[in-house]
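Each chain, letter by letter, is given below.
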Amino acid sequence: MKNGYFVLSLDFELRWGSYAWDTGHTYDRHILGARKAIPDMLRTFEAYQIHATWATVGALFAPSKTMISKTNEKYFDDKSMAHIFQFLKECEEIGENESEDPSHYALSLIEQISATEHQEIGLHTFSHFYCLDNKGAEETFEKDTQAALAMMKAQNIQPTSFVFPRNQFNPAILGTLKAYGMDVVRGNEKHRLYREQEGRERKVHRALRLMDSYINISGHHTFSLDSCKEGDIINVPSSRFLRPYVKQASFLEPLKLHRIKKAMRHASEYGEVFHLWFHPHNFGTNIEANIKMLQEICQHYEDLQNEFGFESVTMQELAEKVRRKEVST
């Protein structure tokens, strides 16, 4: 029986994921709400034995503003890059520690994630670095990576999985990731609607992707283990973004869940992979409804596990299966 695999990854950013576009702090309610939602997510994952990869912004590991300042001085001496300039400006506005500024620090949450069984801590860059918008920024990206790994090393964490901020997949920096011990990445869906975009994307693409969340426009986006090997890198592409519950569009929720469940069933029946992802801050409002939605998806996973042997794996665990299959063949 072909069992198939269920991969779940989360882009864990808090405020570092929105500072570049939310200068008025209009999104802070979602960000702070994520802190309340994450313990509920972890309890759900424990209850259903869900393996998940938390791609985490390195700055969230900082215990204090002093540590961030020291890291910036060591790695970001060149302020010519627009993104790094914005990041450093944001750093000037942060509080002293997590209790004072819970939107920029998350060490206590990271500890909860690490203490929960079957959870992997991956990397989402140190500064939420845009890997396509910053043209020719390979050197700056390497400094960003060094900064993140230094911060994570203090917590005895060495990431092996990487997720590109804003899904700006850039093949030019895969060598840097490999050199620093990260050989598993999340790519984008293999469809033109989800092709990597620099800067602002066209509204029509965003509208079509929104429709695709409820109606099958682009396919299930499930894939085989064999398709994940790309040279020295394992690419575990996304299958579906889990859009949060929207009260005004609650009548569409059954369509969205049906779309996800049907793709999960397809993967389990054909021995393929289904990769679902979202941000914790997507659950920062309407927390109860969002957790209920997540529980329904997890319950469907459990049903498919009982029926087909569907298996929940982290990005790194799936990569290990890809390598083992390659050796055996």
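For every chain, the first residue of the written sequence is number 1, and numbering continues from 1 along that sequence. Two thresholds apply to this predicted model, a pLDDT of at least 70 for residue-level local features and 80 or more for giving and counting side-chain atom pairs, whereas whole-chain, interface and lining totals are computed over all residues. The basis for every side-chain value is the complete set of heavy atoms in the structure, and neither hydrogens nor water enter the calculation.

K.L.:
What is the right way to look at the pattern of salt bridges in this model?
P.N.:
Where charged atoms of side chains with opposite charge meet at close range, the side chains can pair. Whenever Lys or Arg places a side-chain nitrogen within 4 Å of a carboxyl oxygen from Asp or Glu, that contact is recorded as a salt bridge. Applying the stated criterion across every chain, the model contains 13 salt bridges. In this structure, the salt-bridge partner of Lys-190 is Glu-230, at a minimum N-O distance of 3.9 Å. Here Lys-190 is found in the loop between strand E5 (184-186) and helix H7 (203-212), whereas its partner Glu-230 is found in strand E6 (residues 229-230), with 40 residues between them in sequence. Residue classification places Lys-190 among the exposed residues on the basis of a relative accessible area of 62%. The secondary structure listing takes helices from DSSP runs of H or I that are at least 4 residues long and strands from runs of E that are at least 2 residues long, numbered from the N terminus. In this scheme, a residue with accessible area under 20% of its type's maximum is buried, one over 50% is exposed, and one in between is partly exposed, where area comes from a 1.4 Å probe on protein chains only.

K.L.:
I'm lost on a nonpolar patch on the surface in this one. Help?
P.N.:
On the surface, Val-204, Leu-208, Met-211, Ile-215 and Ile-217 cluster together to form a nonpolar patch covering roughly 400 Å² of accessible area. Relative to the helices and strands, Val-204 resides in helix H7. Residues enter patches when they are more than 30% accessible in relative terms and free of salt bridges; like-charged ones are connected within 9 Å and nonpolar ones (Val, Leu, Ile, Met, Phe, Trp, Tyr) within 5 Å. To be clear on the numbers: accessible area is Shrake-Rupley with a 1.4 Å probe, and residue cover counts the displayed protein chains and nothing else.

K.L.:
Which parts of the structure should I look at to understand the nonpolar core?
P.N.:
For soluble globular proteins, nonpolar side chains are generally found buried alongside one another. Residues Phe-12, Trp-16, Met-41 and Trp-54 are the most contacted members of the largest nonpolar core, which totals 82 residues. Any two residues having at least one pair of non-hydrogen atoms within 4.5 Å are treated as being in contact. Discounting residues that sit within four places of it in the chain, Met-41 has contacts with Leu-10, Trp-54, Phe-278, Pro-280, Phe-283, Ile-291 and Leu-294. Counting residues in each nonpolar core, the second largest holds 16 residues, with Tyr-5, Ala-55, Cys-228 and Val-273 among its members. Throughout this description, the term nonpolar core refers to a set of buried Ala, Val, Leu, Ile, Met, Phe, Trp, Tyr and Cys residues connected via side-chain atoms within 4.5 Å.

K.L.:
So what exactly am I meant to see when it comes to helix H10 (residues 315-328) here?
P.N.:
Residues spaced three or four apart along an α-helix face the same direction, because each turn holds 3.6 residues. The span one expects for a helix is its residue count, reduced by one, times 1.5 Å. The first and last C-alpha atoms of H10 sit 20 Å apart over 14 residues, in line with the 20 Å expected at 1.5 Å per residue. For H10, the full list of buried residues reads Met-315, Gln-316, Leu-318, Ala-319, Lys-321 and Val-322.

K.L.:
It is not clear to me how the packing of aromatic side chains should be interpreted in this structure. Could you clarify?
P.N.:
Both the distance between ring centres and the angle between the ring planes are used here to describe each pair of aromatic rings. To pair, rings of Phe, Tyr and Trp, with the six-membered ring standing in for Trp, must have centres within 6.5 Å; the planes then decide the type, stacked if under 30 degrees apart, edge-to-face if over 60, and tilted in the middle. Taken as a whole and assessed by the stated rule, the structure comprises 19 aromatic pairs. Ring centres of Phe-12 and Trp-54 lie 6.1 Å apart, and the angle between their planes is 75°; this geometry places the pair in the edge-to-face category. Of the two residues, Phe-12 sits in strand E1 (residues 5-12) while Trp-54 sits in strand E2 (residues 52-56), which places them 42 residues apart along the sequence. In this structure, Phe-12 and Trp-54 share a single accessibility class: buried. Here the aromatic residues Trp-16, Tyr-19, Phe-76, Phe-87 and Phe-126 are joined through ring pairs into a cluster of three or more.

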